[in-house]
Amino acid sequence: MRSLSNPYCGAALSDPILTDVPYPSVDAEAPRALLARCPHANVTPLSAAPELADAAGVAEVLIKDERFRMGLGSFKALGAAYVIACDAAQGQARGTTYVTASAGNHGLSVAAGAAAFGAQSIIYLADTVPESFADRLRSVGAEVVRAGADYEASMDAAMQAAADTGAVLLSDSSWPGYTVRPHRLMEGYLALMAEIFEQIDAPPTHLFLQAGVGGLAGACAAIARVHWGDATRIIVVEPEAAPCLIESIKAGKLVETTGPVSAMGRLDCKVASLIALKGLARDANDFMAISEAEGDAGAAFAARFGFESTPSGAAGIAGVLAANGTLGLDADARVLVILSEQSDA
């Protein structure tokens, strides 16, 4: 594990590429209002994990368990499907084709949202994504196209397909000129934090947030700052094989990273979302990169106590364990983590 204290916390990153990029939304009421109309909506539990607290040497660990969110197996159910629901509310979804690339559950959210509102979906997958996941996408009506050796290559293919066919590109990342839909998508994630605010008795001293392109981390950190101010130390956890946020913060600008394929496949993204980077530069206190072994250990530890997930889904837990008493994790610390996906997602 390596960590970096964020020198920009509370301030703006000066990279010119971020000038016209919005900060993450903090409007949780919009997605909650739409969720209230969804027959599959449910509040996910916030559970104490005393064994993890003992192992980490802290007073308390609480786990927001997103494994059964709306029957889709992850927090991503709150994202792309929310964007499509917003389109539907404006009469713009039915008959539309949505195109995206996915390293995992984002594609499932696009597929489910499209199916629910009379739209079509085409999901581009890298060669590294298991065929079992491709079958899950097909089972909810998506067309699956294999394209490229990694997530970035599949995204290039999805962007080209959207440009060639007029389909709507619905990415969970953002880049220059593409911010409106990912900004709304990140807004959907705020619903889980709004639930936490109602479930928790007092602000945690630490919030560990795993990140791929950074959408979940950016959304959760932004609204946590609004509700909890400086009471909570926010730590962003990435794979060492894909440290796009920590390296960008270190360089003071957007950095495209390289590295091997990570077993934390949902987090194996080499370029950060601009919206997430802008928000996290302001809102996060620390960034940390964990090894493959640390990611595996976090998932294995969680599974021993009934929180079965993947190394991606349990990366926040892995971060708590890997920190090993650093980052202010003392006997009085009260820690919040998000278990972001089920074990067979």
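Residues numbered from 1 in each chain as written. Predicted model: local features only at pLDDT ≥ 70, side-chain atom pairs only at ≥ 80, totals over all residues. Heavy atoms only, no water.

Quick look at the pattern of salt bridges now. Taken as a whole and assessed by the stated rule, the structure comprises 17 salt bridges. A salt bridge links Glu-198 to Arg-32, with the nearest nitrogen and oxygen atoms 2.9 Å apart. Residue Glu-198 is located in helix α7 (residues 180-199), and its partner Arg-32 is located in helix α1 (residues 29-35); the two are separated by 166 residues in the primary sequence. Close ionic contact of Glu-195 with Lys-64 constitutes a salt bridge, the shortest N to O distance being 2.8 Å. Taken as a pair, Glu-195 in helix α7 and Lys-64 in strand β3 (residues 60-65) lie far apart in primary sequence, 131 residues in all. Pair check on accessibility: Glu-195 and Lys-64 agree, each one buried. (Salt bridge = Lys/Arg side-chain N within 4 Å of Asp/Glu carboxyl O. Helix = DSSP H or I, 4+ residues; strand = E, 2+ residues; numbered from the N terminus. Buried < 20%, exposed > 50% of the residue type's maximum accessible area, 1.4 Å probe, protein only.)

Enumeration over the complete set of coordinates arrives at 4 aromatic pairs. Positioned above the aromatic ring of Tyr-23, the side-chain terminus of Lys-278 is 4.8 Å from the ring centre. Here the basic side chain of Arg-282 rests over the ring of Tyr-23, its NZ or CZ set 4.2 Å away from the ring centre. (Phe/Tyr/Trp six-rings, centres within 6.5 Å; stacked < 30°, edge-to-face > 60°. Lys NZ or Arg CZ within 6 Å of the ring centre and 35° of its normal.)

So, on to the side chain of Ser-173. Among the structural elements, Ser-173 can be located in the loop between β7 (168-169) and α7. For Ser-173, a relative accessible area of 6% gives the class buried. What Ser-173 contacts, discounting residues up to four positions off in sequence, is Tyr-178, Pro-182, Val-213, Ala-272 and Ser-273. (Contact = heavy atoms within 4.5 Å.)

Take the nonpolar core next. Ranked by size, the top nonpolar core spans 70 residues in total, and within it Leu-137, Leu-192, Met-193 and Leu-245 carry the most contacts. Ranked by the residues each element gives to this core, the list is headed by α7, at 10 residues. The residues touching Leu-245, leaving out its near neighbours within four places in the chain, are Ala-211, Gly-212, Gly-214, Val-236, Glu-238, Ala-272, Leu-277, Leu-280 and Phe-287. By size, the runner-up hydrophobic cluster in this structure holds 31 residues, among which are Ala-53, Val-58, Val-61 and Ala-318. (Core = buried A, V, L, I, M, F, W, Y, C linked by side-chain atoms within 4.5 Å.)

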